[in-house]
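Each chain, letter by letter, is given below.
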Amino acid sequence: MNQAPPAPVVEMRDISISFPGVKALDGVDFRMFPGEVHSLMGENGAGKSTLIKALTGVYGIDAGTITLAGDRVSFSGPAQAQAAGISTVYQEVNLLPNLSVAENIMLGREPRRLGSIGWRAMRRRAAELLAGLNLDIDPGSLLGDHSLAVQQLVAIARAIDVQAKVLILDEPTSSLDADEVAELFRVIRSLKEQGVAILFVSHFLDQVYEICDRLTVLRNGKLVGEYLVDELLRIDLVQKMIGKELTTLDDLEQRARSVVVDDSDAAVFVNAAGLGRRGAINPADLPIAAGEVVGLAGLLGSGRTEFARLLGGIDRADAGELTIGGRPTKLRTPRQAIAHRIAFSSENRRDEGIVGDLTVRDNIVLALQADRGWFRPIPKKRQDELAQSYIQALNIRPGNPDALVRNLSGGNQQKVLLARWLAIAPRLLILDEPTRGIDIGAKAEIQKLVFNLAENGMSVLFISAELEEVLRLSHRIVVLRDRHVVADLENDGLTVDSLLALIADGSVESDEPVRDVAAAASVTAASVTGHTEDPTADHPAPTTADHTEGGRR
Amino acid sequence: MSALLARIVAHRLFWPVVMLVVLLVINLVAFPGFFTISVRDGHLFGSLIDILRNGAPTLIIAVGMTLVIATRGIDLSVGAVAAISGAVACSIILGSPEPGSLATVAVAVTVALVISLVLGVWNGFLVAVIGIQPIIATLILMTAGRGVAMLITEGQILTVNSPPFKFLGSGFWFGVPIAVIIAAVVFGVAALVTRRTALGMFIESVGINPEASRQSGVRARGLLVVVYTFCAFCAAIAGLILTANTAAADANNTGLFIELDAILAVVIGGTSLAGGRYSLLGTLVGALVIQTLVTTVYTVGIPPIATMVFKAAVVTVVCLLQSPTTAEAFSGFRRRLAIRAGKGAAAS
């Protein structure tokens, strides 16, 4: 305490962690200061959760040092980290709903009296903790009777009881509504005043900017930098999270394609009008023409997947209307969507895509067979032909239709899934992150495939965290942010810069999606080139305003 | 040669078949005439025929159970359903003025089977529509079903004197016991229907990954209802055979613990309780192993009080042999075999 006042309470230096085949963290530095709210930012696979797990002792570190309040520490488990004052509240509240609030707060460290639990002392201590957080909850009430938000706060009360110096909140707001978030923030602020160092992880940029003082950005397991929130523009933050390589290679090809589509003046195949679902995606419009590739861009949690799931019939919409081929339609099940020739390929390949213990052949024919019904089996010969033709067309390895899908690599599993959907001859193919976690070769093959399919008249809704990919493939790009559609633009002259600007700052004034945000985009994009230190500053400023008159229609 | 041996050892029916053979050999040693099959009055007789006939009810239920288990489910109510169907059939026959007529028996059997379909739909409804865990959902009927059977029999053991009904349990057709023929038909129909249509693939797909199957358009709900209904139907057939064999419906004891034998037969046959890929052929072998085991207890002269312990020991051995750890140890053995084969080829 005789040092200069802002001594970090946590200091992680040069942390590296490897998993088989992957370097999850590579020489990352990370600091937390008492009385500060710190945010850890990065896209999927950036290494956020690995870093948190290294700090809380869940993972051992391969290299580097961790210092807690000036002492070198090395935890061999979460219990040790907690004893040392590092408490974690996870995204899913892992408390016991069938016990009382007091029992949950004191679980595992109940005050003892003569070998049995001192119930009165326990209730008193719990009440003190709740009062300290200004929470008016009866400690004797059942936890399960309270809302998720209150349960979240009880989890925090439990976490700070252990004299926490450091409190880690992993996605605490993902299932809370606005009032509940405000309540949580009030608690966070009061803890901050008590000198607790808080790590707040969230995908909601607005919340990060509201509550955090400092943030650290990770990308692909590497440290991008540590910044004061007040000194970092949102646009810069998003750029740092996503990384940036401007692709000029395909611009020519792209322009040519846009022209082709405009000439064809294709009919709208699917039209979503005000389609939404509470807690998932706010009502939004989306027309998709035959032969059109529409890209959905946005950060994780922006509602891009949720929106696509409504179109694929995976989840039911509770607002708005869907028109398919000119007819108003309600999709209640994926089966109905498939009957309308709409295929949804999930981003969650393992849990929602492949059927691991079935063969490549069975996986490919599954959706087609389900559509025909069990009583009209596809003849074995036809199944073999189908499997063989897709194995060849998509270059699936190993090329053995009898191989179990779970033994294939991720890229090949993805191709099998694609084959399953192509086999039903879809008119709209929804691809959610089809290229995630697969190698570069397979990625290029899948991109090429999407391109060819669209040329043959299939509509594609393409979702990817990689903006370059979205830009390369899409005729039109719809931008989402915080569960709103914030822009709907022709992909003509759009750049990663202008997309980033929309993802970061495309503000929503009302429930109406903003269709004409071109002016705003170009202004922000211009300010970007002024603020960033990156070498593309001499790249011609994006001229989105010329090309994006209110999107399509 | 070694490669062929290695492939045989790797087959998932290898250990169950070995077990069956070992049990049969034990019987042969204890009782040299064990394999003898004679023809008496134009009927086949012999220990092997007894095994087939007595194992038929278990096999029939195990066939339905295999499909249920393949969907990640389980059906504990089969014993109770068997008791209900027996009770229904016997009470109808008893209540009829002509218990010996073929028409009466036909009506009794049909009503019993139709009621089992209703019970199966109830199980399927609880599991697929309400979403209760299968073990709990079918536990309801397992306990309640015996009570229902008691109500039907009014707490009595209903003894019937009806030759056509008796024929179901102990009759012969072209020298073969009727029970064996019925079991063969149920087995054949199940194998044919699931493998010649897409039903088998859907059952496996739902058992392996329900959400992926749903997103692919498989109607999981309807499928589950069909599978549980079929299982109850199988249980009813087994119940009729058991009841006809003794010519008496005993609400308390007909098909008692048969659900456990059926589940065992499925597991011994290599179908995982975690659902997914199933093998009806494996279930057949499993059911035969269990029945042979029971017969062995008598031929070898194990005291009846030790029967359960003996059964448990054999099942434990089969399960151990089929465990992943053993499979790993044996894959090492196979590699060594293959290497030796390679060396032999190089030397020659």
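(A) Structural context of the overall build of chain A. Within chain A, the secondary structure is distributed over 19 helices and 22 strands. Put simply, chain A has 553 residues, and 46% of those count as buried. Considering only residue pairs separated by 6 or more positions, chain A has 69% of its internal contacts joining residues 24 or more positions apart.

(B) Expanded view of the interface of chain B and chain A. Counting from both sides, the interface comprises 21 residues of chain B and, opposite them, 24 residues of chain A. Every element with two or more residues in the side of chain B that touches chain A is listed here: helix H9 (199-208) and helix H10 (210-215) of chain B. Residue contributions to the side of chain B that touches chain A peak at six residues, all from H9 of chain B. Partitioned by chemical class, the residues of the side of chain B that touches chain A number seven nonpolar, eight polar and six charged.

(C) Fine view of the nonpolar core. Counting residues in each nonpolar core, the largest one holds 263 residues, and the members touching the most others are Cys231 and Cys234 of chain B. When residues of this core are assigned to their parent elements, the largest contribution, 20 residues, is made by helix H11 (residues 220-246) of chain B. For this core, the domains that each give at least three residues are domain 1 (10-242) and domain 2 (248-352 + 425-548) of chain A. Discounting residues that sit within four places of it in the chain, cysteine 234 of chain B has contacts with Ile60, Ile61, Val63, Gly64 and Val186 of chain B.

(D) A look at the sheet that holds strand S11 (residues 214-219) of chain A. All names here are of chain A. Taken in spatial order, the six strands line up as S6-S9-S10-S3-S11-S12 in an open sheet, and their pairing is mixed. The open sheet has two free edges, formed respectively by strand S6 (86-89) and strand S12 (222-228), since each of these has just one partner strand. Geometrically, the sheet is characterised by an average inter-axis angle of 20° between neighbouring strands, direction not taken into account. Both strand S3 (residues 37-41) and strand S10 (residues 197-201) contribute to a ladder of three bridges, which runs parallel. When the bridges of S10 are listed, valine 37 appears paired with isoleucine 198.

(E) How the structure looks around the domain arrangement of chain A. Residues and elements named next belong to chain A. When cut into domains, chain A gives domain 1 (10-242) and domain 2 (248-352 + 425-548). Each partner contributes residues to the interface: domain 1 has 15 residues there, and domain 2 has 15 residues. Of all the secondary-structure elements, those providing two or more residues to the side of domain 1 that touches domain 2 are helix H7 (205-211) and helix H8 (234-242). Per element, the largest residue contribution to the side of domain 1 that touches domain 2 is seven residues, and it comes from H8.

(F) Just the sheet that holds strand S17 (residues 327-329) of chain A, in detail. All names here are of chain A. Taken in spatial order, the four strands line up as S14-S13-S16-S17 in an open sheet, and their pairing is antiparallel. At either end of the open sheet lies a strand with only one pairing partner, and these are strand S14 (281-289) and S17. Within this sheet the neighbouring strands show an average axis-to-axis angle of 20°, counted without direction. Taken together, the three bridges between strand S16 (residues 319-324) and S17 define a ladder with antiparallel strand orientation. Directly across from threonine 323, in S17, lies its bridge partner proline 328. Contacting strand S13 (268-277) and S14, helix H10 (residues 304-311) runs over the sheet at an angle of about 120° to S13.

(G) The packing of helix H4 (residues 78-95) of chain B against helix H5 (residues 102-130) of chain B, seen in detail. Residues and elements named next belong to chain B. As a packed pair, H4 and H5 sit with axes 8 Å apart at the nearest point and diverge in direction by 150°. As judged from the angle between their axes, H4 and H5 are roughly antiparallel. Like other packed secondary-structure pairs, H4 and H5 cross with a definite hand, here right-handed. For the pair H4 and H5, the contacting residues are Val81, Ile84, Ser85, Val88, Ala89, Ile92 and Ile93 in the first and Thr104, Val105, Val107, Ala108, Val109, Val111, Ala112, Ile115, Ser116 and Leu119 in the second.

Analysis parameters
Residues numbered from 1 in each chain as written. Chains lettered and ligands numbered in written order. Predicted model: local features only at pLDDT ≥ 70, side-chain atom pairs only at ≥ 80, totals over all residues. Helix = DSSP H or I, 4+ residues; strand = E, 2+ residues; numbered from the N terminus. Buried ≥ 20, exposed ≤ 12 C-beta atoms within 10 Å, placed from the backbone. Contact = placed C-beta atoms within 7 Å. Nonpolar A, V, L, I, M, F, W, Y, C, P; charged D, E, K, R; others polar. Core = buried A, V, L, I, M, F, W, Y, C linked by C-beta atoms within 7 Å. Domains from an automatic or database assignment. Pairing = 2+ DSSP bridges. Axes fitted to C-alpha atoms, helices over the stretch in contact; angles between N-to-C directions. Parallel < 35°, antiparallel > 145°, perpendicular 65-115°, else oblique. Left-handed = near helix turned anticlockwise from the far one by under 90°.

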